[in-house]
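Coordinate inspection notes
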Amino acid sequence: MTKLTQHSDEHINAYIDGELDNDERARLLFDEQHDSELAQRISDTRALKEKVQLSYADIPKPDTEQTSFCCTTVANSQRFLISSAAALAILIAIISPIFMSSYDINAAKLLIKNTQAITPDKINAAIGNNHKVVINLSLYQPENFDSTIDYIEALLQEHSTDKSFAVEVVANKNGLKALDTKTSIHAERISLLATRYNNLDIVACAKSMANLADSGNPIKLMKDILVSPSAAEQVAKRMSDGWMFIKL
Amino acid sequence: MLTARQRKLCKRLEAGRNRLYRMAYAWSHNNDITEEVVQETMIKALNSVDKVNNIKALDGWLFRILSNCFIDYCRKQREEIDIDDTVLIDRDTPESLHSQDEMLAAVRYAIASLPFKHRQVLTLIDIENFTYAEVAEIIDVPLGTIMSRLNRARQSLKQILDERPAEFENKTTLKIVQ
């Protein structure tokens, strides 16, 4: 066979990558059939591409199992584990509106913004006879946080025999720092509390997480923390279900 | 209720996660880095998914976020290193010891030996089958640069594989060096 045309390596790459138009492809196909050296170069390049494709075909998979079914779990307020692979968050964010009822998110935003925060010692009195409480936590003051945990634990303990009683803590803004494994000095206590009481859920606001990450303060959540697209959405969902809202 | 478009986006994002993971792993060869970068990518995607006007462009958009997150991560870790000059070198790891295919392990080693900018283009095209134009958009460089980087990547890869000593096989895990 004779050598017909000089084809650059870039041209051969474009050929095997499907980047050439029909005329160019036809020309190269023709040359390939009549030029053994060219045919070998094309074959080598194609083989190399296939090796690269295969070399990552079975890479180690991420630890987190996630399917759209997880979102149903979240919607039903059942506990599920979330690892640091917060890809789950995006799935939750997209799907969760399916399960949301009519409580207006803007109303929840106003509620979060305008409700006056109470001190932890007032939690019990504020709750009264309510059995379902969503607590917004938007501040983390390490020096006072032990007492916050104490009061929440006392509340859960007091209602330990009441199966209808449930507390959900929705952390956003700086309140998320309480859940940060890297910096929170209370991470272990919170984790223990969440493990001990099945009727306590702790929810992180994904929007605030993103904001903190953008400002150079990324949060690495503890395990057992649920993630919601936004605090307002989560509060709206709970308010729709008749939960009581308080803010710490 | 979700719109039909949102459902489609959701499915695409769900399907995209493992692909992001594979790509981040091909760039870093490190599970921890991969998980962190993919997490960051998904959070950013979550917060701006409404800006995606064209579902067909979703893949490129996601991988562009991944690329930016990966580069940000590397810069944060090693401020003094120009990511474009960064190559990875091999180290023994349990993962490599489990490899059953010496050739593929060697290919990973060879890919890891490439400068990041070459490795990135090669993997986006060969693993994800992005077109040259799509890769140009993802990493924001001209089309000609993509072709040039791809060519250099393949030439280097071929050279490394041709010259590889036997002991390089089964060593694929990496450490960032300048």
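Residues numbered from 1 in each chain as written. Chains lettered and ligands numbered in written order. Predicted model: local features only at pLDDT ≥ 70, side-chain atom pairs only at ≥ 80, totals over all residues. Heavy atoms only, no water.

1. Observations concerning the sheet that holds strand β3 (residues 200-205) of chain A
Residue and element names in this part refer to chain A.
- Spatially, the five strands line up as an open sheet ordered β4-β3-β2-β1-β5, and their pairing is parallel. The sheet terminates laterally at β4 (226-228) and β5 (244-247), the two strands that pair on one side only. The average undirected angle you get between the axes of adjacent strands in this sheet is 25 degrees.
- Relative to strand β2 (residues 166-171), strand β1 (residues 132-137) is paired through six bridges, and the arrangement is parallel. Its bridge partner being in β2, lysine 132 is matched across the sheet by alanine 166. (Pairing = 2+ DSSP bridges. Helix = DSSP H or I, 4+ residues; strand = E, 2+ residues; numbered from the N terminus. Axes fitted to C-alpha atoms, helices over the stretch in contact; angles between N-to-C directions.)

2. Description of the packing of helix α3 (residues 58-77) of chain B against helix α7 (residues 132-139) of chain B
All names here are of chain B.
- Remark: α3 packs on α7, axes separated minimally by 8 Å, with the N-to-C direction vectors making an angle of 45 degrees. In terms of their interaxial angle, α3 and α7 are classed as oblique. Here α3 and α7 pass one another in a crossing that is right-handed. Two secondary-structure elements touch here, α3 through Gly60, Phe63, Arg64 and Ser67 and α7 through Glu137, Ile138 and Ile139. (Parallel < 35°, antiparallel > 145°, perpendicular 65-115°, else oblique. Left-handed = near helix turned anticlockwise from the far one by under 90°. Contact = heavy atoms within 4.5 Å.)

3. Details of the pattern of salt bridges
Residues and elements named next belong to chain A.
- Taken as a whole and judged by the stated rule, the model has 19 salt bridges over all chains.
- Residue aspartate 17 is joined to lysine 49 by a salt bridge in which the shortest nitrogen-to-oxygen separation is 2.8 Å. Here aspartate 17, found in the loop between α1 (9-16) and α2 (22-34), pairs with lysine 49, found in helix α3 (residues 36-55); they are 32 residues apart in sequence, far enough to count as distant. By the burial criterion, aspartate 17 is buried, and lysine 49 matches it.
- Of the charged contacts, one joins arginine 27 and aspartate 31 as a salt bridge, the two residues approaching to 3.8 Å between their closest N and O atoms. Residue arginine 27 and its partner aspartate 31 are both found in helix α2; the two are separated by four residues, about one turn of the helix.
- Judged by its relative accessible area of 46%, arginine 27 is partly exposed. (Salt bridge = Lys/Arg side-chain N within 4 Å of Asp/Glu carboxyl O. Buried < 20%, exposed > 50% of the residue type's maximum accessible area, 1.4 Å probe, protein only.)

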